Structures are given as C-alpha cells and as structure tokens.
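Coordinate inspection notes
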Amino acid sequence: SLHDAIANRGSLSPKETCRIGIAIADALEVLHTRPLIHGSIRPDRVWLTLQGEAILLRDPSGPPVSPLVAVSSGAHSTWFDQLDSPEAYAAPEFVNPEQACTQSTDLYSLGCLLFRLAAGRVPMQGNSVGETLAAHRSHTPPELAAAIEQGESGDALYRVIAFAMAKNPAARFATAAQLASALRATLPLLPDAPEPKPANL
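So, a few notes on the structure that sits alongside this text. (Residues numbered from 1 in each chain as written. Predicted model: local features only at pLDDT ≥ 70, side-chain atom pairs only at ≥ 80, totals over all residues. Heavy atoms only, no water.)

Some thoughts on helix H8 (residues 176-186)
Taken as a whole, H8 has its buried residues at Ala176, Leu179, Ala180, Ala182, Leu183 and Thr186. Buried positions in H8, seen along its axis, are confined to an arc of 160° and lie on one side of it. Check the buried side of H8 and you find it contacts helix H2 (14-32), helix H4 (103-119) and helix H7 (156-164). (Buried < 20%, exposed > 50% of the residue type's maximum accessible area, 1.4 Å probe, protein only. Helix = DSSP H or I, 4+ residues; strand = E, 2+ residues; numbered from the N terminus. Arc of directions from axis to C-beta. Contact = heavy atoms within 4.5 Å.)

Shown next as structure tokens:
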C-alpha cells in the first residue's frame, strides 16, 4: 500500500507524487461521473503495483460518511483496515458532523494526500479529531502559503495542492479532471528528487 511505502521512505519525489496524483484524480473522475463519491482518500486506500502505478481502492460496504461520524460511531470498521486517521485528510466542511461527502471533499482529501507525499507529514494534526478538523478550517501549511504568495515563481506542485485544498469549496478545482489536467501540466516542471534542505547553521 501507499501507506507502507511512505512509512518506509517518509516522502516521495515531486514527480512520483505528481504521477500518483494523476492516477488517483483520473480514478476519481470515473467514480464521480457515475456518480459515486469515494469519501476516504488516504494512503491506506491506495495500492502501488510492482511497476509503481497507483490504484485507488473504494470500500464497497456502504456509502461514505464524514470522518467525525466514522470515528464517533465506529463506522470506520469496514471492509478495509484503517491505517491512516480519516480526520488528517478531511475537508474543512466536516467540522459540521452533518456534512455529507461530496466530489469537492474528495478533491480536498486528495490534496491532503499529495501534501503528505511531498512534505513527508500530514498537513493538519491536532490532539483530537475535533482539533484536527478545526485546523483544516483555520490553518494553511507554510509550503502552500508560500507557493501561493510567490505566484508563478512558487513551487508548481504545491500551487496545485493549494488549490485542491482551498478552504472554500468554490475555490477548489471544479472536477477531478481539472485537477488531473493541472497535475499533468505540472509534471514536466518537477525535479525527480526532493529539493535538498539547507543545513542548520
């Protein structure tokens, strides 16, 4: 699983991250046109083939529910083992426990997953489910803030992720196909390996 891959490596290269994002966005577009909602896009829901291709898995046991409902009701105990915390990949709308899973919340979750692959950490983390969901509503990771502030000179991959993770659903990509298209346009601009971090002085 992708969960195991990043547990061993920490983060992936920008190009690896982008390719995985394209594959998942393409899979989401197929789901969304049926129309079906995924509802739980996380590393433990993605398998990698021996060739490095990403396959998005969807729990067939029932309709998706919000992370808050899943954790409080035990509904997360479904067909798949849960290896990643749902709230770490949850859209800000889920602070409302009655919020339904939508195409837009799927895109936000995919943005969170791509951030996890690129940065080596989840974008939001709190001491409880509620704190983490509140962070999704109020906090922007510095990598995303810098990419937006710098405009065209900013990190191309983080700019795409920032739009996928916009706090306002109306500001996100309208469809998974749009997100896939943005990632395809970004792929040739990316290095094969992460940028080296400066040594602490």
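Having seen it, we continue.
Things to note about the packing of aromatic side chains
One pass over the full model with this rule turns up two aromatic pairs. A centroid spacing of 6.4 Å and a plane angle of 65° characterise the contact between Phe163 and Phe173, whose relative ring orientation is edge-to-face. Linking Phe163 in helix H7 with Phe173 in the loop between H7 and H8, this pair joins segments that are ten residues apart in sequence. On the basis of relative accessible area, Phe163 is assigned to the partly exposed category, the value being 43%. Since its relative accessible area comes to 15%, Phe173 is described here as buried. (Phe/Tyr/Trp six-rings, centres within 6.5 Å; stacked < 30°, edge-to-face > 60°.)

As for the packing of H4 against H7
With their axes 8 Å apart at the nearest point, H4 and H7 run at an angle of 150° to one another. One way to sum up the angle between H4 and H7 is to call them roughly antiparallel. Where H4 crosses over H7, the handedness of that crossing is left-handed. For the pair H4 and H7, the contacting residues are Leu107, Tyr108, Gly111, Leu114, Phe115, Ala118 and Ala119 in the first and Leu157, Tyr158, Ile161 and Ala164 in the second. Across the contact of H4 with H7, the residue classes tally to ten nonpolar, one polar and no charged. (Axes fitted to C-alpha atoms, helices over the stretch in contact; angles between N-to-C directions. Parallel < 35°, antiparallel > 145°, perpendicular 65-115°, else oblique. Left-handed = near helix turned anticlockwise from the far one by under 90°. Nonpolar A, V, L, I, M, F, W, Y, C, P; charged D, E, K, R; others polar.)

Describing unusual backbone geometry
In this structure, Pro35 follows Arg34 across a cis peptide bond, with omega equal to -5°. Topologically, Pro35 is positioned in the loop between H2 and strand E1 (46-48).

Considerations on the pattern of salt bridges
The tally for this structure, following the rule as stated, stands at six salt bridges. Arg45 is paired through a salt bridge with Asp44; the nearest N and O atoms lie 3.2 Å apart. Accessibility classification places Arg45 together with Asp44 in one group, the buried group. With a shortest N-O distance of 2.8 Å, Glu143 and Arg121 are connected by a salt bridge. Here the residue Glu143 occupies a position in helix H6 (residues 142-149), and Arg121 occupies one in the loop between H4 and helix H5 (129-138), the gap between them amounting to 22 residues. (Salt bridge = Lys/Arg side-chain N within 4 Å of Asp/Glu carboxyl O.)

Focus: the nonpolar core
In terms of nonpolar packing, the biggest core is built from 53 residues, with Leu2, Leu113 and Leu179 touching the most fellow members. Elements supplying a minimum of two residues to this core: helix H1 (2-9), H2, strand E2 (54-56), H4, H5, H6, H7 and H8. If you tally residues by element for this core, the top one is H4, at nine residues. The residues touching Leu113, leaving out its near neighbours within four places in the chain, are Leu2, Ile24, Ile41, Arg42, Pro43, Val46 and Tyr89. (Core = buried A, V, L, I, M, F, W, Y, C linked by side-chain atoms within 4.5 Å.)

Structural notes on H4
The first and last C-alpha atoms of H4 sit 24 Å apart over 17 residues, in line with the 24 Å expected at 1.5 Å per residue. Most of H4 is tucked away, with 15 of its 17 residues classed as buried. The distance from a side-chain oxygen at the start of H4 to the backbone nitrogen of Ser104 is 3.2 Å, and the residue carrying that oxygen is Thr102. (Expected span 1.5 Å × (residues − 1). Polar contact = N/O pair within 3.5 Å; in protein donor to acceptor, adjacent residues only side chain to side chain.)

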